[in-house]
Amino acid sequence: MKTQISHVHADNFGACGVRKVWRQLHREGIPVARCTVARLMPDLGLEGARRGKKIRTTIRRPTAAGSGWKSRRTS
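Student: Just checking my understanding: could you explain the overall build of the protein chain for this structure?
Tutor: Each helix and strand counted, the protein chain has four helices and zero strands in total. Moving toward the C terminus, one meets the helices and strands of the protein chain in the order α-α-α-α. Looking at the protein chain as a whole, 16% of its 75 residues qualify as buried. Residue pairs at least 24 apart in sequence account for 54% of intrachain contacts in the protein chain once pairs closer than 6 positions are excluded.

What follows is the structure, given as structure tokens:
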């Protein structure tokens, strides 16, 4: 089963996730549960492509710590 999953994943340029690999296996006549594909793909080191931007958290500037914003505001 692992060889078939890795074969389908490689044929699709490594861009397919669990759902698309599972559907392609069914098209090829290989009956397998989606949860089985989801369990085996991480064991093989396979994952689908992620779309969109990466989430960036706020990064504090070193000069912002002693800017004195609050003291200037209340004066």
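Student: Would you mind showing me how to read helix α1 (residues 2–11) here?
Tutor: Restricting attention to buried positions, one finds in α1 the residues Ile-5, Val-8 and His-9. Angularly, the buried residues of α1 cover 100 degrees about the axis, an arc narrow enough to put them on a single face. Exposed residues pointing more than 90 degrees away from the buried face of α1 are listed as Thr-3 and Ala-10. Looking at the buried residues of α1, the elements they touch are α2 (18–27) and α3 (34–44). The first or second residue beyond α1 is Phe-13, which carries a positive phi of 60 degrees.

Student: What's the story with the pattern of salt bridges in this structure? I'm lost.
Tutor: Pairing of side chains with opposite charge becomes possible as their charged atoms draw close. Using the criterion set out here, one finds one salt bridge in the structure. Put simply, Arg-50 and Glu-47 hold a salt bridge, and the shortest N to O gap is 3.7 Å. Residue class for Glu-47 comes out partly exposed when judged on its relative accessible area of 47%.

Student: Please clarify how α3 should be interpreted in this entry.
Tutor: For an α-helix the count is 3.6 residues per turn, leaving residues at separations of three or four pointing the same way. When we look at burial in α3, the residues that qualify are Val-37, Leu-40 and Met-41. Looking down the long axis of α3, one finds its buried residues gathered within 110 degrees of arc, a one-sided arrangement. Of the exposed residues in α3, those oriented more than 90 degrees away from the buried face are Cys-35, Arg-39, Pro-42 and Asp-43. On the buried face of α3, the contacting elements are α1 and α2. Positive backbone phi, at 80 degrees, marks Gly-45, one or two positions downstream of α3.

Rules used in this analysis
- For every chain, the first residue of its written sequence is number 1, and the numbers climb from 1 along that sequence.
- Local features in a predicted model are, by the rule used here, given only for residues with pLDDT of at least 70; side-chain atom pairs are given and counted only at 80 or more, and totals for whole chains, interfaces and linings are based on all residues.
- Side-chain numbers here rest on the full set of heavy atoms in the structure, without hydrogens or water.
- Only DSSP runs of H or I covering at least 4 residues are called helices, and only runs of E covering at least 2 are called strands; the numbering of each starts at the N terminus.
- Throughout, exposure labels follow a simple rule: accessible area from a 1.4 Å probe, protein chains only, divided by the maximum for the residue type, with under 20% read as buried, over 50% as exposed, and the rest as partly exposed.
- We call two residues in contact when some of their heavy atoms are within 4.5 Å.
- Note that the arc is computed from the directions linking the helix axis to the C-beta atoms.
- For salt bridges, the criterion is a side-chain nitrogen of Lys or Arg within 4 Å of an Asp or Glu carboxyl oxygen.

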